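Secondary and tertiary structure notes
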Amino acid sequence: MIRLFSLKQQMKEGEQKGSGGQQKKASAAQLRIQKDISELNLPKTCVTEFPDADDLLNFKLIISPDEGFYKDGRFVFNFRVGSNYPHEPPKVKCATLVYHPNIDLEGNVCLNILREDWNPVLTINSIVYGLQFLFLEPNPEDPLNKEAADVLQSNRRQFEYNVKKAMRGGYVGETYFECCMPK
């Protein structure tokens, strides 16, 4: 038994000497996110930013729709990928205050694949396309911002006016929105 223990200890020391002693193994989440990012196929309206090039688990997605209610806007989403990815979806928050039925004023996003419909076979690409679709076709049937959803259902013109006013920077109701249209 002592020989087995000392053999294991020798192997461990040899591995540390061979690898410099400080190399960490990548977690399953890190390996999967590397694969997802390398296979990203972003539409021309989307760009990713990695504030820390060594941290692929935290990044930004910028969506700049080229059609629909939100045309010419610039919307930033923060992605936080947890250690249980891909078994749990990443946490996605909209950092841009936006007048949208499926995004509340705290930045929470109502997208089914970020909640109950998440499945480990889904990828970051799936989420990107889901978010982009929310800007092309806001869904008033499953709102986080009930007021925006009600206006969209009852008066599309008023909804469009409210979206443009919010995107240019201004008040919609009691809420002030910063301009999110690049100059």
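Data block above holds the structure.
Residues numbered from 1 in each chain as written. Predicted model: local features only at pLDDT ≥ 70, side-chain atom pairs only at ≥ 80, totals over all residues. Heavy atoms only, no water.

Taken as a whole, the largest pocket holds about 190 Å³ of empty space. Lining the largest pocket are R80, P89, P90, K91, V92, K93, N108, V109, L114 and R115. Per-element tally for the lining of the largest pocket: the top contributor is strand β4 (residues 91–94), with 3 residues. When grouped by side-chain class, the residues that make up the lining of the largest pocket number 5 nonpolar, 1 polar and 4 charged. (1 Å grid on protein atoms, 1.4 Å probe; cavity = no way out; pocket = protein on both sides within 12 Å on 5 of 7 lines; lining within 4 Å. Points joined across faces, edges and corners; volume = space filled by probe spheres on them. Helix = DSSP H or I, 4+ residues; strand = E, 2+ residues; numbered from the N terminus. Nonpolar A, V, L, I, M, F, W, Y, C, P; charged D, E, K, R; others polar.)

On inspection of all chains with the given rule, the structure shows 11 aromatic pairs. Ring centres 6.3 Å apart and planes at 85° place the aromatic pair Y99 and F177 in the edge-to-face group. Placement of the pair is Y99 in the loop between β4 and α3 (124–136) and F177 in strand β6 (residues 175–177), with a sequence separation of 78 residues. Taking the relative accessible area as the measure of exposure, Y99 reaches 3% and is therefore buried. Residue classification places F177 among the buried positions, given a relative accessible area of 1%. Site record: aromatic cluster; members linked through ring pairs are F69, Y99, F159 and F177. (Phe/Tyr/Trp six-rings, centres within 6.5 Å; stacked < 30°, edge-to-face > 60°. Buried < 20%, exposed > 50% of the residue type's maximum accessible area, 1.4 Å probe, protein only.)

Okay, the pattern of salt bridges next. This model, assessed by the stated rule, comprises 6 salt bridges. The closest approach of N and O atoms between E39 and K35, which form a salt bridge, is 3.3 Å. Of the residues examined, E39 reaches a relative accessible area of 47% and is grouped as partly exposed. Two residues, K146 and D150, come together in a salt bridge whose shortest N-O distance is 3.4 Å. Residue K146 and its partner D150 are both found in helix α4 (residues 146–154); the two are separated by 4 residues, about one turn of the helix. The exposure class of K146 is exposed, given its relative accessible area of 54%. D150 sits in the partly exposed class, given a relative accessible area of 37%. Put simply, R115, E116 and D142 are held in one network by salt bridges that share partners. (Salt bridge = Lys/Arg side-chain N within 4 Å of Asp/Glu carboxyl O.)

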